[in-house]
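Observations on chain architecture
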Amino acid sequence: MRQQIAAANWKMNLTYQQGEELLDTILAEDITLSTHQRAVFAVPFPYLTMAQLRLAGKKHYAAAAQNCSDKKSGAYTGEVSAEMLKSIHIQYCVLGHSERREYFSEQNDTLAHKTAICLANGITPIFCCGEPLAIREAGIQTGFVETQLKESLFQFSEEEIRKIVIAYEPIWAIGTGKTASAHQAQEMHAHIRATLAAKYSPATANHIPILYGGSVKAGNAAELFALPDVDGGLVGGASLVAADFAQIIRALK
Ligand code: PGA
């Protein structure tokens, strides 16, 4: 079975102490994950080691970075490299979140570099794509997402692309309380998978987890995750509430 992932995206929220408490409360629920399931916590950089320590020994739980530099190393004040993340054994890195694209001008070509540098360091990119409201309203969302994938990912070999996780996050659903309907989510996920199948192979497309993001809540996770092409979620707001995120982890297929 394809990997199913519940990924928390804390964004720029919580103090260190609040982060410790949140993780401890979720871990106290002692949710056992099957071999194909993962619970991933994308925490702020200064909390990565804390999260690693707490998650150590918990099977199929992992910490993730929310971003990394597109540069290898050097005079780039304030940046964090994939090599640094690797040196503290980080296994996942969120890339191309719409907030990074919007507020920090990240473009498809820069994200291609970031993805390549994560792969070179053995870090699984959780590559985000998704359309803004105007594109959805114009009915051209599938082409928009396809271009994001093509310009950032399609230079990779089949072996490399199999190491990537994709997160489809319609921007109009992020932090708005407005979730994509089951039909809208399944339709886009199926389209992403078909695009991967056409470029690579059906077997590879079937192997790649595609997470849904955008107002995933404790109350709608099970319905979304049950969709045939939805392999879990990337969760912002609801990942900051222990009971809610625990329920979201439990909703994995
Ligand atoms: P949200 O955020 O769950 O608060 O909508 C999702 C995300 O931005 O990853």
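First, a word on scope: everything that follows refers to the structure included in this document. This structure is a prediction, so every number in the text was calculated from the model and none was measured.

The rules behind each value
- Residues numbered from 1 in each chain as written.
- Predicted model: local features only at pLDDT ≥ 70, side-chain atom pairs only at ≥ 80, totals over all residues.
- Heavy atoms only, no water.
- Axes fitted to C-alpha atoms, helices over the stretch in contact; angles between N-to-C directions.
- Helix = DSSP H or I, 4+ residues; strand = E, 2+ residues; numbered from the N terminus.
- Parallel < 35°, antiparallel > 145°, perpendicular 65-115°, else oblique.
- Left-handed = near helix turned anticlockwise from the far one by under 90°.
- Contact = heavy atoms within 4.5 Å.
- Pairing = 2+ DSSP bridges.
- Near = heavy atom within 4 Å.
- Polar contact = N/O pair within 3.5 Å; in protein donor to acceptor, adjacent residues only side chain to side chain.
- Areas by Shrake-Rupley, 256 points an atom, 1.4 Å probe, with all protein chains shown as cover.
- Nonpolar A, V, L, I, M, F, W, Y, C, P; charged D, E, K, R; others polar.
- Salt bridge = Lys/Arg side-chain N within 4 Å of Asp/Glu carboxyl O.
- Buried < 20%, exposed > 50% of the residue type's maximum accessible area, 1.4 Å probe, protein only.

What follows covers the packing of helix 7 (residues 141-153) against helix 9 (residues 182-199). At a closest axis distance of 10 Å, the pairing of helix 7 and helix 9 adopts a crossing angle of 45 degrees. In terms of axis orientation, helix 7 runs oblique to helix 9. Note that helix 7 runs across helix 9; the crossing there is right-handed. Along the contact surface, helix 7 presents Gln 141, Thr 142, Val 145, Glu 146 and Leu 149, while helix 9 presents Met 188, His 191, Ile 192 and Thr 195.

To continue, consider the sheet that holds strand 8 (residues 232-235). Ordered by their spatial adjacency, 8 strands build a closed barrel running 1-2-3-4-5-6-7-8, and the pairing between neighbours is parallel. When the angles between neighbouring strand axes are averaged without regard to direction, this sheet yields 25 degrees. Where strand 3 (residues 61-65) and strand 4 (residues 92-95) come together, 2 bridges link them in parallel fashion. Each bridged residue has a counterpart across the sheet, and for Ala 64 the counterpart in strand 4 is Tyr 92. Of the strands in this sheet, strand 2 (37-42) and strand 3 touch helix 2 (residues 48-55), which is tilted by about 170 degrees from strand 3. The sheet contacts of helix 7 involve strand 5 (124-129) and strand 6 (165-168), and relative to strand 5 the element is tilted by about 145 degrees.

Attention now moves to the environment of Ala 6. In this structure, Ala 6 sits in strand 1 (residues 4-9). Considered as a pair, Ala 6 and Ala 39 are 33 residues apart in the sequence and their alpha carbons are 4.9 Å apart. Every residue in contact with Ala 6, bar those within four places of it in the chain, is listed here: Arg 38, Ala 39, Val 40, Gly 233, Phe 245, Ile 248, Ile 249 and Leu 252.

Taken together, 13 residues sit near the ligand, with Lys 11, His 97, Glu 169, Gly 175 and Ser 215 positioned nearest. Between an oxygen atom of the ligand and a side-chain N or O atom of Asn 9, the distance comes to 3.4 Å. Contact distances for the ligand include 2.7 Å between an oxygen atom and a side-chain N or O atom of Glu 169. Computed on the free molecule, the ligand has an accessible area of 280 Å², of which 96% lies beneath the protein chains in the complex. Of the residues belonging to the shell around the ligand, the class tally is 4 nonpolar, 7 polar and 2 charged.

Moving on: the pattern of salt bridges. Inspection of the entire model under this criterion finds 13 salt bridges. Notably, a salt bridge pairs Asp 30 with Lys 58, separated by 3.1 Å at the nearest N-O pair. Taken together, the positions of Asp 30 in the loop between helix 1 (16-28) and strand 2 and Lys 58 in the loop between helix 2 and strand 3 put the pair 28 residues apart, joining distant regions of the chain. A salt bridge links Glu 106 to Lys 114; the nearest nitrogen and oxygen atoms lie 2.7 Å apart. Both residues of the pair, Glu 106 and Lys 114, belong to the buried class. Residues participating in the shared-partner salt-bridge network are Arg 2, Arg 193, Asp 229 and Asp 231.

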